[in-house]
Amino acid sequence: MGSNSSRIGDLPKNEYLKKLSGTESVSENDPFWNQLLSFSFPAPTSSTELKLLEEATVSVCRSLVVNNPRTGNLGALIKVFLSRTKELKLSAECQNHIFIWQTHNALFIICCLLKVFICEMSEEELQLHFTYEEKSPGSYSSDSEDLLEELLCCLMQLITDIPLFLPYTSKLVKTLLYNFIRQEKPPPPGAHVLPQQSDGGGLLYGLASGVATGLWTVFTLGGVGSKAAATPELSSPLANQSLLLLLVLANLTDAADTPNPYRQAIMSFKNTQDSSPFPSSIPHAFQINFNSLYTALCEQQTSDQATLLLYTLLHQNSNVRTYMLARTDMENLVLPILEILYHVEERNSHHVYMALIILLILTEDDGFNRSIHEVILKNITWYSERVLTEISLGSLLILVVIRTIQYNMTRTRDKYLHTNCLAALANMSAQFRSLHQYAAQRIISYTCRHLRRYVYVLDKLYFPHYHCSTLQHCFSTLSDNGEELLSLTCSHILRSYASSLFSLLSKKHNKVLEQATQSLRGSLSSNDVPLPDYAQDLNVIEEVIRMMLEIINSCLTNSLHHNPNLVYALLYKRDLFEQFRTHPSFQDIMQNIDLVITFFSSRLLQAGAELSVERVLEIIKQGAVALPKDRLKKFPELKFKYVEEEQPEEFFIPYVWSLVYNSAVGLYWNPQDIQLFTMDSD
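In this report, the structure presented in the accompanying data block is examined. Model, not experiment: these values are computed from the prediction.

A short note on the nonpolar core
Nonpolar side chains in soluble globular proteins generally cluster together in the buried interior. Membership of the largest hydrophobic core comes to 196 residues, with the highest contact counts inside it found for Phe-81, Tyr-383, Leu-396 and Phe-577. With residues near it in sequence (within four places) discarded, Tyr-383 still touches Tyr-342, Leu-388, Leu-396, Leu-399, Val-400 and Tyr-438.

Below you can see the structure in the form of structure tokens.
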């Protein structure tokens, strides 16, 4: 490049680049390197800029691919860089900006070259290019020096600022985490050497921005990077690159006889305030400030990668999980997660799934389930269905999860998603406290939605010729608010044959489900008439109804006196629940619900007609005290625990690399070369 090159258009004709990629060998001691590295070309800060740079220099890079086996110039350039890194600290202390500037430029050129090498050749061929020397064509070094390994170690040393002879696995993980925590702003445009340290940056922060990208490119051999599509501007590219690199390292598969050391480090690190000794069996342990980590995680949940990091820490590091569950400001963490779920239409499915699993992990703890109902929130502006001037965190969580289930059932129809949503609600149900009237109403109305849907499907199964097409149209087009109108106009139709329908169902129920299951599995013979689509939904609808009834039952059994609004909503819809009293699939779980409906209906009847809402709630509160608890049948406690699939890498590895492709700063990879995931995947 040289001191005169500062524009992309000049690069293909640059004499120094031509010499580097030509047929002439250049010794690592040649003055040529000082001339090559004395350029003021700014490093790309976006994938678009890197694409333009790559297109301008592709001919130079390909010439080097052809000639390097004879010249060994790539190895010479790397050796020049390695020799300079040994004097970086001294240069920084002496404020030798020119030396640091040239070292940064050497790393930048290596980064660009390796990027093209990775695209043009196999991993085995790439490794050979690190061994070629100035000899006969295609010859390579016979000594044991591994230049690639030395380069990687050097880059890790630059990032972690530690001596090479120390173990660097835990130091690297710790440094990447602190890069994420600090969210350091990048140097101003043009300040690519050594900026002033007014913001508390590290000694080599100016170089570190270049090093992070250089390390990332070298480390992701054969991987993918950011696509050229517009992405939100990142406040800290270094933090973003560090987080992506950390996630890639954490999701590397284990070797045959050695577990992934980076994952071990993530699983075992502790709080800086924890003075207990590390077990000798933990080889990669370190300590980090949990308060700073918690704050950063709360503030960065708008990105997939930050949510994935939170999931990884909660699921794999018991120290982090215990610390977070003991926090008294959990709303700072939970609210961003709820926002992700609330805006499910705008998020990719993986991000939503990770957010939901985080909630499921949190709800495994009874202390969390109790404390969230004690946190009162005011004016939740992003919740648009209803003005929420004051609501507990627990009630808001219920509203958002039910909304997510409803969206899934009507749009994506992902069984795992609604199963995990219901599991989170079930974990919370025994600790429901002072539910907001809207949260209580949504629990009951969502259950009723599926009860009516269930009757409708059975109507289609047993009375297909008399089915009202208008009813089908209503169910498919009306929103949740419109269901009230649907219930009023059609309830007399449903009640007219509900009893006979359930009587028939009690005799044929198992056969119906068996037929539906066979249809799902495609096991019907060619002579059988396949059941229509609505019949295939029968199992799913019944599972949802059963779980929602168990959630309501768990709340009534464990905390009836704390939830008058739930009893009120239940009584308001009692006609529909009473129709399912003798249903063979729900009869056992309906016992307590039916008892509560009967008990409180009797007390309301005794109080007279034309009761106000306030009076009804007062009667409910009095009745909750009077109702003997031993009359409610005890059921096993609802508890669900998240467990990863047997081969989680099949999900996480493509997911992490898709994040790299979409989110990495200053990296461009040809989408036609992507093989690990589909380009239209979320």
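On we go from here.
Considerations on the environment of Thr-404
With respect to the helices, strands and loops of the structure, Thr-404 is situated in helix H19 (residues 393–412). The sequence separation of Thr-404 and Val-352 amounts to 52 residues, and the corresponding C-alpha distance is 9.2 Å. Dropping the residues within four chain positions of it, Thr-404 is found in contact with Leu-341 and Cys-421. There is a polar contact of 2.8 Å between the side chain of Thr-404 and the backbone oxygen of Val-400.

Focus on the packing of aromatic side chains
Counting across every chain of the model gives 19 aromatic pairs. Judged by centre distance (6.0 Å) and plane angle (65°), the rings of Tyr-454 and Phe-586 are edge-to-face. Here Phe-586 lies in the loop between helix H27 (574–578) and helix H28 (587–607) and Tyr-454 lies in helix H21 (residues 437–462), a separation of 132 residues in the sequence. Each member of the pair, Tyr-454 as well as Phe-586, is classed as buried. One cation-aromatic arrangement involves Lys-270 over Phe-278; the distance from NZ or CZ to the ring centre is 4.2 Å.

Focus: the state of the cysteines
A covalent bond bridging the sulfur atoms of two cysteines is what the word disulfide describes. Overall, the coordinates contain zero disulfides when judged by the stated rule. Just so you know, Cys-111 is unpaired, no disulfide at all, and the nearest cysteine sulfur is the one on Cys-112, 5.2 Å from it.

Looking at the pattern of salt bridges
Per the stated rule, a full pass over the model turns up 13 salt bridges. Across the pair Asp-588 and Arg-546 runs a salt bridge, and its minimum N-O distance is 2.8 Å. With Asp-588 in helix H28 and Arg-546 in helix H25 (residues 538–559), this residue pair connects regions lying 42 residues apart in the sequence. Ionic pairing is found between Asp-594 and Arg-581, a salt bridge with its closest N-O pair at 2.9 Å. One end of the pair, Asp-594, is in helix H28; the other, Arg-581, is in the loop between H27 and H28, and 13 residues separate them in sequence. A relative accessible area of 36% means that Arg-581 is categorised as partly exposed. When salt bridges that share partners are traced, they join Glu-345, Glu-385 and Arg-403 into one network.

Criteria and thresholds
Residues numbered from 1 in each chain as written. Predicted model: local features only at pLDDT ≥ 70, side-chain atom pairs only at ≥ 80, totals over all residues. Heavy atoms only, no water. Core = buried A, V, L, I, M, F, W, Y, C linked by side-chain atoms within 4.5 Å. Buried < 20%, exposed > 50% of the residue type's maximum accessible area, 1.4 Å probe, protein only. Contact = heavy atoms within 4.5 Å. Helix = DSSP H or I, 4+ residues; strand = E, 2+ residues; numbered from the N terminus. Polar contact = N/O pair within 3.5 Å; in protein donor to acceptor, adjacent residues only side chain to side chain. Phe/Tyr/Trp six-rings, centres within 6.5 Å; stacked < 30°, edge-to-face > 60°. Lys NZ or Arg CZ within 6 Å of the ring centre and 35° of its normal. Disulfide = S-S within 2.5 Å. Salt bridge = Lys/Arg side-chain N within 4 Å of Asp/Glu carboxyl O.

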